[in-house]
Amino acid sequence: MVKLSLATSALAEILGLEHSGQAVQVTGVSISAAEVEPGDLFVAIQGAKHHGLNFLQEAIDNGAVAVLSDRPNQKLPYLISPDPKALLGELCNLVLGETHLELFAVTGTNGKTSTASYLFELLKNLGQDPGLSGSTGFHTGAKSQASALTTSELTTTRKFLSEIQKAGGKSAVIEVSAQALVRNRVSGLKFAVAGFTNLSRDHMDDFGSMERYFEAKAALFDESCAQSAVIFVSDEWAEKLAAHSKIPTLLVGAGQEVNYHYAGGLLTLSGKINLSIDFEFGELMARNFALALTMLFSHGFSVDELRTASANISQVPGRVELVSQARPHTYVDYAHTPDGIASAVAELKARYPGVTLVFGASGNRDVGKRAEMGAAAAAADQVVVTDQHPRDEDPALIRAAVIQGLNDANKSFHEVAGPEQALRFALGITPHDHALLWCGPGHLKYREIAGTKVPFDARAIAKLAVEQG
């Protein structure tokens, strides 16, 4: 996309803002001082711990020429708004111009990353040269880089979309969290298709109730955000969203407009789509793949194009991922919600005589779901409770909350605090023809302990442990 150039005085007039200092031309926008480029307008907001103006000198050193904030500064020309972040979408479109990429959004509680990853791979196979922004980072065909959030701040995403467009890409996939929708992280973006996976308990620390959590997700399914939608119907919230959606919506699932069926490694879609595809990664991932296929079909890709693009689809890292052919077969998954754990256990119980589950809950997140995670874990044959990301909490107290759910379900368990030790202990008690499932770490290569991200690659650890025997 071609950068435009607008004077701060013009921006002030268009947005109805107070302006102070010399009028200067701005050619970019950044909410992060570290990401400021020469000519940028630095948007300084109040964060959880610090105000953006605390980093103003860093922004100036990186080339910021003006500031938008809720308070004045003495170093650069500035614009004042009581809620600067609420203006980001309009501001980015004014300064950067609207993106010309075809954008695909995926939201839901579980399955967002898998669906987004499948969309990205299918679009690559369709010759779109796409980009992917989500919990696994920023990806193009040429490179990948980490991201701190499932859905990055809008100015970070806009820079990424600009890179894709400059490189000749035609589309991008964005994993959209509920927090992103209420915190202006996708404002001003217009999605061609928005996809919905499911909704179950998570983020109650942010939303307080499932109804408010649903309302946050549902905001994506409005004509101001997306042109059309595809909803995988597997729960009451999906049915409610189908009734709530304000844009043309296609439903996929058992008995829906696009009928979904998976058995014996064969994914079959029928009704509005007639397509059968060999899919080796199990029923849980097949649902996400079906959603991705239906989203692309609804956007105009033909069945023949989708069949060809589906050849040699890859395993999504850290999503019910078999780390080695050594036995017992050991899987690493990202599940960190009650429903996610229950679904992953059920997936493997359908394939193996028994399942040993290793899992833990994270600190500083939705305390109330911990006991529910323990109750969900009771479906496994053997359970080992361990630590995940204690963050600023006492890990023993987190484990105790999880264990309460297991006790309520009258489920026996083992408690091993260190996750690597827990994994090795679990391998020792798991029969060779059973499966071992390690829920929580997924694709991540760190653990977060007392404010520090400690290197920790669960997939590599699990592979080495099972192969050492």
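In this report, the structure presented in the accompanying data block is examined. (Residues numbered from 1 in each chain as written. Predicted model: local features only at pLDDT ≥ 70, side-chain atom pairs only at ≥ 80, totals over all residues. Heavy atoms only, no water.)

1. A short note on the sheet that holds strand S22 (residues 382–385)
The sheet built from 6 strands is open, its strands ordered S19-S20-S24-S21-S22-S23 with mixed pairing. The strands lining the two open edges of the sheet, one partner per strand, are strand S19 (321–322) and strand S23 (414–415). Relative to strand S24 (residues 435–439), strand S20 (residues 329–333) runs parallel, the two being bridged by 5 bridges. Within S24, the position partnered with Thr 330 by the bridge is Leu 436. Against the sheet, helix H16 (residues 458–468) engages S19, S20 and S24, with an angle of about 170° to S20. (Pairing = 2+ DSSP bridges. Helix = DSSP H or I, 4+ residues; strand = E, 2+ residues; numbered from the N terminus. Contact = heavy atoms within 4.5 Å. Axes fitted to C-alpha atoms, helices over the stretch in contact; angles between N-to-C directions.)

2. Points about the pattern of salt bridges
It is possible for side chains bearing opposite charge to pair when their charged atoms get close. Under the definition given, this model contains 18 salt bridges. The salt bridge involving Glu 283 is made with Arg 287; its shortest N-O contact spans 3.2 Å. Of this pair, Glu 283 and Arg 287 both sit in helix H10 (residues 283–298), separated by 4 residues, roughly a single helical turn. Put simply, Lys 85, Glu 153 and Arg 185 are held in one network by salt bridges that share partners. (Salt bridge = Lys/Arg side-chain N within 4 Å of Asp/Glu carboxyl O.)

3. Re H10
The first and last C-alpha atoms of H10 sit 22 Å apart over 16 residues, in line with the 22 Å expected at 1.5 Å per residue. Of all 16 residues in H10, 12 are buried; the element is thus mostly enclosed. Restricting attention to buried positions, one finds in H10 the residues Leu 284, Met 285, Ala 286, Asn 288, Phe 289, Ala 290, Leu 291, Ala 292, Leu 293, Thr 294, Met 295 and Leu 296. The positive-phi residue at the C-terminal boundary of H10 is Gly 300, with phi of around 120°. (Expected span 1.5 Å × (residues − 1). Buried < 20%, exposed > 50% of the residue type's maximum accessible area, 1.4 Å probe, protein only.)

4. Comments concerning empty space enclosed by the protein
The gaps left among the atoms become clear once a water-sized probe is rolled over them. Applying the stated criterion across every chain yields a total of 1 cavity of 30 Å³ or more. Space inside the largest cavity adds up to approximately 40 Å³. Taken together, Asp 387, Gln 388, His 389, Pro 419, Pro 441, Leu 444, Tyr 446, Arg 447 and Phe 456 make up the lining of the largest cavity. For the lining of the largest cavity, the class distribution of residues is 5 nonpolar, 2 polar and 2 charged. (1 Å grid on protein atoms, 1.4 Å probe; cavity = no way out; pocket = protein on both sides within 12 Å on 5 of 7 lines; lining within 4 Å. Points joined across faces, edges and corners; volume = space filled by probe spheres on them. Nonpolar A, V, L, I, M, F, W, Y, C, P; charged D, E, K, R; others polar.)

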